[in-house]
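Given next are the chains, with one letter for each unit.
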Amino acid sequence: MGRKSTKENKNIYQTSRESVSLTREAAAEQLVFVSSDRIEKIESEKFLPHPDEVLAMADCYKNPSLCNYYCSHECPIGQKYVPEIKFKELSQITLEMLASLNFMEKEKNRLIEITVDGTISDDEMVDFKKIQKELTQISMAIDSLQLWVEKAIADGKMVPQ
């Protein structure tokens with residue numbers, strides 16, 4: 001049986017493994033193609049995990065947010081294009097999404113006015129950027145909702161359709 005870690009600054013991979021009460025050896029047995037030595041090197045940040053390892057760990061540790069963490073923090077492409085999604089409660093996600101949708105309901109005609117000619121003039125840019133920011137908020141709310149659903153499925157609280 002493995003020892004309990006006393007390390008102060010644990011990374012997300014280690015805290016995720018420990019949250020499901022798995023030793024490195026037990027995790028390696030479940031992960032099949034990831035050895036306990038490899039897990040130790042990932043957790044001690046000697047090596048970055050490979051995407052297939054992150055997918056397997058996310059499933060094994062019941063923590064789908066590992067995938068977003070990897071993409072937004074460790075993948076060079078993801079660092080540029082994938083925002084970090086923090087896990088939130090369903091009520092907070094819903095309220096944020098409704099607030100953004102209400103804003104867009106008011107601004108949809110302005111968006112049409114700005115984009116109808118296919119160009120964005122200097123006097124339209126301020127409004128366009130404000131609308132673009134709100135669309136980004138909607139996108140992040142959708143991603144948060146998806147993460148919430150994936151976590152609920154992983155925890156056995158929902159059945160996948």
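Residues numbered from 1 in each chain as written. Predicted model: local features only at pLDDT ≥ 70, side-chain atom pairs only at ≥ 80, totals over all residues. Heavy atoms only, no water.

*Asks:* What's the story with the overall build of the protein chain in this structure? I'm lost.
*Replies:* Scanning the protein chain from N- to C-terminus turns up eight helices and zero strands. Listed by position from the N terminus, the elements making up the protein chain come as α-α-α-α-α-α-α-α. For 161 residues, the compact-globule estimate of 2.2 N^0.38 gives 15 Å, and the protein chain exceeds it by more than 25% at 21 Å. Seen through its C-alpha atoms, the protein chain measures out along the principal axes to roughly 65 × 35 × 30 Å. Within the protein chain, buried positions represent 29% of all 161 residues. Counted over contacts in the protein chain with a minimum sequence separation of 6, partners at least 24 positions apart contribute 48%. As presented, the protein chain carries roughly 10800 Å² of accessible surface, and 55% of it is formed by carbon and sulfur atoms. Charged side chains in the protein chain number 21 positive and 27 negative. The centres of these two groups are separated by 6 Å. (Helix = DSSP H or I, 4+ residues; strand = E, 2+ residues; numbered from the N terminus. Rg over C-alpha atoms; globule rule 2.2 N^0.38 Å. Buried < 20%, exposed > 50% of the residue type's maximum accessible area, 1.4 Å probe, protein only. Contact = heavy atoms within 4.5 Å. Areas by Shrake-Rupley, 256 points an atom, 1.4 Å probe, with all protein chains shown as cover. Lys, Arg positive; Asp, Glu negative; His and termini not counted. Charge placed at Lys NZ, Arg CZ, Asp CG, Glu CD.)

*Asks:* Explain unusual backbone geometry here, please?
*Replies:* What you tend to see is this: most non-glycine residues have negative phi, and most peptide bonds are trans. Within the chain, V32 stands out as a residue other than glycine whose phi angle is a positive 65°. Structurally, the position occupied by V32 is in the loop between helix 2 (24-31) and helix 3 (36-43). Judged by its relative accessible area of 70%, V32 falls in the exposed class. In the Ramachandran plot, K62 falls in the positive-phi region, its phi being about 55° despite a non-glycine side chain.

*Asks:* I tried to follow the packing of aromatic side chains on my own but got confused; where do I start?
*Replies:* If you walk through the whole model with that rule in mind, you get one aromatic pair. Measuring from ring centre to ring centre gives 6.1 Å for Y13 and Y69, while their planes differ by 80°; the resulting arrangement is edge-to-face. Of the two residues, Y13 is situated in helix 1 (residues 12-19) and Y69 in helix 5 (residues 65-73); the sequence distance between them amounts to 56 residues. Judged by its relative accessible area of 22%, Y69 falls in the partly exposed class. (Phe/Tyr/Trp six-rings, centres within 6.5 Å; stacked < 30°, edge-to-face > 60°.)

*Asks:* Looking at this model, I keep getting lost on the pattern of salt bridges. Mind explaining?
*Replies:* Close approach of charged atoms lets side chains of opposite charge pair. For the structure on display, the rule yields twelve salt bridges. Close ionic contact of E18 with K10 constitutes a salt bridge, the shortest N to O distance being 2.8 Å. Judged by relative accessible area, which is 23%, E18 ranks as partly exposed. Among the charged side chains, a salt-bridge network with shared partners connects K10, R17, E18, R24 and E43. (Salt bridge = Lys/Arg side-chain N within 4 Å of Asp/Glu carboxyl O.)

*Asks:* Could you clarify how one ought to interpret the nonpolar core in this entry?
*Replies:* Looking at soluble globular proteins, one finds that nonpolar side chains tend to be buried together. Counting 17 residues, the largest nonpolar core has Y13, L31, I39, M57, Y61 and L66 as the members making the most contacts within it. Looking at this core, the elements that each hand over two or more residues are helix 2, helix 3, helix 4 (51-60) and helix 5. With sequence-adjacent residues up to four places away left out, Y13 is seen in contact with I42, E43, P49, V54, M57, Y61, L66, Y69, Y70 and E74. (Core = buried A, V, L, I, M, F, W, Y, C linked by side-chain atoms within 4.5 Å.)

*Asks:* Explain a nonpolar patch on the surface here, please?
*Replies:* Together, I77, Y81 and V82 give the surface a local cluster of nonpolar side chains, amounting to about 330 Å² of exposed area. Tracing the backbone shows V82 in the loop between helix 6 (76-81) and helix 7 (90-115). (Patch = residues over 30% accessible without salt bridge, like charges linked within 9 Å, V, L, I, M, F, W, Y side chains within 5 Å.)

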